[in-house]
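Residue strings, one per chain:
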Amino acid sequence: MKENFSDEDGNRVAELEEKFAEMDGWNAESDAAQMLSNLGIKENMHQKQMSELSNNEKVRVMLAKALFGHPDNLLLDEPTNDLDLDTVEWLEEYLSNVEQTVLVVSHDRHFLDAVSTQTVDIDFGKVTVFAGNYSFWYESSQLALRQAQNQRQKAEEKRKELEEFIRRFSANVAKSKQTTSRKKMLEKLNVEEIRPSSRKYPGIIFQMDREPGNQILEVEGLKAVDVDGTVLFDNVSFNIEKGQKVVFLSHNPKAMTALFEIINGNRKADAGTYKWGVTITTAYLPLDNTEFFKSDMNLVDWLSQFGVGNEVQMKGYLGRMLFSGEEVLKKVNVLSGGEKMRCMIARMQLKNANCLILDTPTNHLDLESIQAFNNNLVSFKGNILFSSHDHEFIQTVANRIIELTPKGTIDKLMQYDDYIYDEALKAQRVKMYE
């Protein structure tokens, strides 16, 4: 304590202590610990140095730093990157209840729908603000585009159709989070504010050369162990039936990659067997595509390796994936992550397979590509086996859930939202990872 501590000093200390209490300073350490835990940084790591953490863990700590202290304005650039589905769900809940202004950039449509009341579209150097969340912006702009292409529809009919769309969307908002502000914005919206989007969507179209038979894939007693001895999954058995679109989940993302590598013949299982049906043809989108692009070939020559067709046909596939003009002559070893993914999707389309295997397919893709990919998978008539961190992608595509754990599987014929919000299944999932 300061020598010759005066009454003035005492008053100053009292003022500072009052401000500290107003800022909830006495609870700061416990609040910080809770925030870190909510974002997946376990308590036994809280005293570690940042230099000791993995890149994934550092991202989570930086996100906690941004959220901590309830700042007046939050600016979040791709906050769901590297987060698991459970943590994204917590972040959605947290942000949908804060009173501060939040500006967020994200490719996660479910996340955007959960937290946003307005959408800012930056396209061709122009900034446009729309009332409503991502789904409202996307669906309304698509409706406006269809109307613009329908020359025979009268102006009054178009107006009534748009007004009815706003009413229906506004009614649905009443059942979701952030209801009051979003609903008010939609009710004030004029139909003149709904315009076609100038954004381009890739043409992702998967077709099958052969109708699959009844036997798709039979897996019996599979086990995978990581290089460090961690059991990724054990005693995994399932049969895939015709028409099923199966999402694989796990607390450890390496588990899904290991399974996909095994059933594609790229990795040996530590135990167990698998058998594909005789009518099944597969197309695989791996998590790591690095080896595919260690080449100085141009896009046309690169794609020609993977299917039958002349140069014009290959350019057609690349054109559907938004590579046009001189871009098709780019060297594949200089492509961005998103461009590589679009090339890999074009490669898959060449196979005309009846079973698609997708390991985290939305990685590196922009929203337009994710939306187009998602839409086509919903209508695809074959089988799909996939993993994803994209809630909307899983909810709209999957009709079966298989969760891989060190103690076996949880296997349910149900939609994703029903699965994650079921209290009995929540308890079962906890036990399977203990």
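Above: the structure in question.
Residues numbered from 1 in each chain as written. Predicted model: local features only at pLDDT ≥ 70, side-chain atom pairs only at ≥ 80, totals over all residues. Heavy atoms only, no water.

A. Expanded view of the packing of helix α3 (residues 55-67) against helix α4 (residues 85-97). At a closest axis distance of 13 Å, the pairing of α3 and α4 adopts a crossing angle of 10°. In terms of axis orientation, α3 runs roughly parallel to α4. Together, R60, L63 and L67 of α3 and T87, W90, L91, Y94 and L95 of α4 make up the contact between the two elements. A breakdown of the residues in the contact of α3 with α4 according to their chemical character gives six nonpolar, one polar and one charged. (Axes fitted to C-alpha atoms, helices over the stretch in contact; angles between N-to-C directions. Helix = DSSP H or I, 4+ residues; strand = E, 2+ residues; numbered from the N terminus. Parallel < 35°, antiparallel > 145°, perpendicular 65-115°, else oblique. Contact = heavy atoms within 4.5 Å. Nonpolar A, V, L, I, M, F, W, Y, C, P; charged D, E, K, R; others polar.)

B. Focus on the packing of aromatic side chains. Evaluated as defined, the whole model comprises 14 aromatic pairs. Ring geometry for Y134 against W137: centres 5.7 Å apart, planes inclined by 45°, an arrangement best described as tilted. Of this pair, Y134 and W137 both sit in helix α6 (residues 134-149), separated by three residues, roughly a single helical turn. For the pair Y134 and W137, one class covers both residues: buried. Geometrically, the ring pair formed by F293 and W302 is stacked, given 5.0 Å between the ring centres and 15° between the ring planes. (Phe/Tyr/Trp six-rings, centres within 6.5 Å; stacked < 30°, edge-to-face > 60°. Buried < 20%, exposed > 50% of the residue type's maximum accessible area, 1.4 Å probe, protein only.)

C. Broad picture of the nonpolar core. One finds F206, L356, L358, F373, L377 and F386 to be the most contacted residues of the largest nonpolar core, which totals 50 residues. Ranked by the residues each element gives to this core, the list is headed by helix α12 (residues 337-351), at seven residues. Not counting residues up to four positions away in its chain, the partners in contact with L377 are F206, K245, L356, L358, I384, F393 and V397. (Core = buried A, V, L, I, M, F, W, Y, C linked by side-chain atoms within 4.5 Å.)

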